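# Understanding the architecture of this molecule
Chain by chain, the residues run as shown.
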Number of protein chains: 2
Amino acid sequence: MRDVAIIGVGHTKFGELWERSFRELISEAGLGAIEDSNIGGADLEAMFVGNMSSGLFVEQEHIAALISDSMGLNPIPCTRVEAACASGGLALRQGIMAVASGYHDVVVSAGVEKMTDVVDATPAIATASDQEWEAQQGATFPSLYAMIARRHMHEYGTTREQLAMMSVVNHKNAANNPYAQFPFETTVEKVINSSPVADPLTLLDCSPVSDGAAAVVICAADKAKEFTDTPIYVKASAQASGTMALHSRRDICTIDSTIAASRKAYKMAGVTVKDIDATEVHDCFSINGLLAIEDLGFAEKGKGGIALEEGQTMIDGDFPINPSGGLKARGHPLGATGIAQAAEIVWQLRGEAGKRQVEGAEIGMTHNIGGTGGTAAVHIFGRDRN
Amino acid sequence: MRDVAIIGVGHTKFGELWERSFRELISEAGLGAIEDSNIGGADLEAMFVGNMSSGLFVEQEHIAALISDSMGLNPIPCTRVEAACASGGLALRQGIMAVASGYHDVVVSAGVEKMTDVVDATPAIATASDQEWEAQQGATFPSLYAMIARRHMHEYGTTREQLAMMSVVNHKNAANNPYAQFPFETTVEKVINSSPVADPLTLLDCSPVSDGAAAVVICAADKAKEFTDTPIYVKASAQASGTMALHSRRDICTIDSTIAASRKAYKMAGVTVKDIDATEVHDCFSINGLLAIEDLGFAEKGKGGIALEEGQTMIDGDFPINPSGGLKARGHPLGATGIAQAAEIVWQLRGEAGKRQVEGAEIGMTHNIGGTGGTAAVHIFGRDRN
């Protein structure tokens, strides 16, 4: 396997982008990443795109070919990857594998979702759960994650205020992110008093319905410096599967796929969780951000709430989480999220994150989840190659 | 890049399988391939699944995690790949890359589609075309391919009888395939006189709506003989993109993505088209089988009809095409097709194809198309490693 680096990043504004089409969004992000990387048109050899449900959201499958066509990339291979909300993380991984294998030297991995073209996004999102055992019985994602939150409170004494802190920190960071859907701060009181969604979760515990796209250019490490002075190296790419339905779990307060993928990633990268300077986690709901803090190993099981309460996840805390604003406040266009996370870590490691910069960040991590943990992808990046 | 081999094959019956669920079908094919390969449970490291539109057909996305769960594979990584009707071919390619790269030693690549759970499959299938420029204007796949057929007849003098021969040869072969949806023979007269669909195409020019799944086990070539005496080696894996909409083509009688992918594949494998002993082509409509014969290089442009008429594509002809019965007669569960094609070639090269055996086949090829050629995947396999 060859070493691999990221040499370019593209990112659209995330939000309710009524006036922008699916193909416009992905083209802006993809061409933005290509421009940022300084590669020429002839250098690009393949593209991978993460997208959860263009079929249900915009009545279009076969989107990789559509994108290749729209971006003027034909005849290079363009491949769509789907794993619900982890689609972006898996597109990133396929791009990394394609370069590590020697099949290609330079590829783009991108993610996109256009969610606002349907009247109600909920039924489409629910197809990420086990349809026969969960969604068709009336379970939606807020309700599934609310059950996890309630159990975590019962089991470990996690408080409503601690949960709310996940959103407060996200919004604080998003206020400094020009691409964020909700670039404003909030408070614990506002989170708790916002509209109830599925008790104990309120509106401000939940990531939004978003449109958006993001892209990165991936290059063989040996060639990266031909294009950029600041390649960011991929130190690990790991993926794991877990049970689809919550009722099959050994413990609904633990996402085993996160544990499996992260432990594999730490081993591949030769690091421990203490070496990670900045992390983007999958906080589709506040409780899932809290679970990630525990399952990635930043805090012991049951102590995630305390870590949040103590401010350990803030940009100047012990282990900064979601400097971008996370899914909650940057926004969560499903298939784009895993790539947007990687884009943020690249900016952090390049030292280009402006007011949300984690000072001196050298090693960063992304954590992308599908469903309630049926899929987990964990990537580790470094400023230094070794 | 490491050499790669196929060491196991699984295949469900194709057809209108009302009594069988999505997860039953893929589990039967996947576990069948694992059993055929003689690997143990601990040997399998990852799975890739091709599927076009589980979201629209069975209201379920995130199917790779569902499949991992159903087959008892957690926590290994399981990834869905989508490229319309070429989804299977791309899942095959991702599995090959995952092993060639050294990321994994043994993986499964599979494909599945459950199309009969919706009242009308046509709108879902139409999402493989350019929705904004084709499907929303009323174009369906039969009409798009009918336009190609009419133009080919006008341009090259291709006859209705020559087109029908594609289906006749397919059905002749399918009669000897125990997995085929339509295992019976037909005639040129019956094809021409069957119900009109989109002139000049009739019902027997069109592949059916099918349920089914297929799977192969892919292994590093150096390890293959630990599991089987008859590994089939992957000599080339190539993929190309083309324009989504027909109106953007330089020539609607040529599928440029087929030309690009096949020429790349011949180069990778170090062969010419004359070296290929058995080929599975993407005959979603009779005209597309005819285009494949030309664009893969078996016949000159415009001469595909003559080749069919002269019987050159029959099992004992100059270049046997679709010994399995092809999409027309074996059936076309969209995401499963690219893998079913590979399964057939593996059986042919092992000499296990029974009454449809191409005698002494040493090198085989598969050709899988998405939409009207937005994506093409071409794979070449050999009985010998070099």
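Refer to the structure above for everything that follows.
All of the points below concern the structure found in this document. Everything numeric here is computed off the predicted structure, so don't read it as measured data. (Residues numbered from 1 in each chain as written. Chains lettered and ligands numbered in written order. Predicted model: local features only at pLDDT ≥ 70, side-chain atom pairs only at ≥ 80, totals over all residues. Heavy atoms only, no water.)

Turning next to the overall build of chain A. When you go through chain A residue by residue, the secondary structure sums to 14 helices and eleven strands. Scaling as 2.2 N^0.38, a compact globule of 386 residues should have a C-alpha radius of gyration of about 21 Å, and chain A matches this with 19 Å. For the C-alpha atoms alone, the extent of chain A along its principal axes is close to 55 × 45 × 35 Å. Residues classed as buried in chain A amount to 69% of the 386 residues present. Contacts spanning at least 24 positions in sequence make up 77% of the contacts within chain A whose residues lie at least 6 apart. For chain A, the centre of its 30 positive side-chain charges and the centre of its 48 negative side-chain charges are spaced 3 Å apart. (Helix = DSSP H or I, 4+ residues; strand = E, 2+ residues; numbered from the N terminus. Rg over C-alpha atoms; globule rule 2.2 N^0.38 Å. Buried < 20%, exposed > 50% of the residue type's maximum accessible area, 1.4 Å probe, protein only. Contact = heavy atoms within 4.5 Å. Lys, Arg positive; Asp, Glu negative; His and termini not counted. Charge placed at Lys NZ, Arg CZ, Asp CG, Glu CD.)

Bringing the interface of chain A and chain B into the picture now. Contact residues are listed per partner, giving 61 residues for chain A and 61 residues for chain B. Summing the contributions of chain A and of chain B, the shared interface buries around 4700 Å²; its carbon and sulfur component is 51%. Salt-bridge contacts for A:D130 lead to B:R23; the nearest nitrogen and oxygen are separated by 2.8 Å. Counting every contact that joins chain A to chain B gives 39 residue pairs in polar contact (both at pLDDT 80 or more). Mapped by element, the contributors of at least two residues to the side of chain A that touches chain B are α2 (54–58), α3 (63–71), β3 (78–82), α4 (87–100), β8 (232–241) and α10 (256–269) of chain A. When residues of the side of chain A that touches chain B are assigned to their parent elements, the largest contribution, seven residues, is made by α4(A). For the side of chain A that touches chain B, the class distribution of residues is 28 nonpolar, 23 polar and ten charged. The sheet contact formed by β3(A) and strand β3 (residues 78–82) of chain B spans three bridges and is antiparallel. Bridge pairing in β3(B) places A:V81 opposite B:V81. (Buried area = accessible area lost by both parts, 1.4 Å probe. Salt bridge = Lys/Arg side-chain N within 4 Å of Asp/Glu carboxyl O. Polar contact = N/O pair within 3.5 Å; in protein donor to acceptor, adjacent residues only side chain to side chain. Nonpolar A, V, L, I, M, F, W, Y, C, P; charged D, E, K, R; others polar. Pairing = 2+ DSSP bridges.)

Residues and elements named next belong to chain B. Under the definition given, this model contains zero disulfides over all chains. Free of any disulfide, C206 has its nearest cysteine sulfur in C284, 9.2 Å distant. On the basis of relative accessibility, which here comes to 10%, the residue C206 falls in the buried class. Here C253 stays unpaired: no disulfide links it, and the sulfur of C284, its closest cysteine neighbor, is 15 Å away. (Disulfide = S-S within 2.5 Å.)

Now for the pairing of strand β11 (residues 375–382) of chain A. All names here are of chain A. Counting buried positions over the eight residues of β11 gives eight, a clear majority of the element. Burial along β11 is two-sided: the face carrying T375, A377, H379 and F381 and the face carrying A376, V378, I380 and G382 are both buried. As paired elements, β8 and β11 share eight bridges and run antiparallel to each other. Bridge assignment links V234 to a residue of β11, and that residue is F381. For strand β10 (residues 363–370) and β11, the ladder comprises eight bridges, and the chain directions are antiparallel. Considered in β11, the bridge of T366 is made with H379.

Once that is clear, we can look at the pattern of salt bridges. Throughout the structure, instances matching the rule amount to 48 salt bridges over all chains. The salt bridge involving B:R23 is made with A:E132; its shortest N-O contact spans 3.5 Å. Pair noted here: B:R23 is in helix α1 (residues 22–37) and A:E132 is in the loop between α5 (122–126) and α6 (141–156), and the two residues belong to different chains. Take B:R23: its relative accessible area is 16%, and that puts it in the buried class. Taken together, the shared-partner salt bridges in this structure form one network comprising A:R2, A:D105 and A:K223.

This part is about the relation of the copies chain A and chain B. Once chain A is rotated about the relating axis by 180° and shifted along it by 0.0 Å, it coincides with chain B to within an RMSD of 0.0 Å. Taken together, the turn and the small shift mark the pair as related by a two-fold rotation axis. When C-alpha positions in chain A are compared against the rotation axis, the closest is assigned to A:S101, at 1.7 Å. Here 100% of the contact residues of chain A are again contact residues in chain B; the copies associate through an equivalent surface. (Least-squares fit on C-alpha atoms with pLDDT ≥ 70 in both.)

The next thing to look at is the side chain of B:N322. All names here are of chain B. In this fold, N322 is placed in the loop between α12 (304–309) and α13 (326–329). Of note is the side chain of N322, whose polar atom sits 3.1 Å from the side chain of N170. In this view, N322 contacts M166, N170, N173, T279, E280, V281 and D283; residues no more than four positions away in its chain are not counted.

Moving on: helix α1 (residues 22–37) of chain A. Residues and elements named next belong to chain A. The terminal C-alpha atoms of α1 lie 23 Å apart, and with 16 residues this matches the ideal 22 Å at 1.5 Å per residue to within 8%. Among the residues of α1, those classed as buried are F22, R23, L25, I26, S27, A29, G30, A33, I34 and S37. For α1, the elements touching its buried residues are β1 (4–11), β2 (46–50), α2, α3, β4 (106–114) and β7 (211–220). Once α1 ends, the next one or two residues include N38, with phi positive near 65°. (Expected span 1.5 Å × (residues − 1).)

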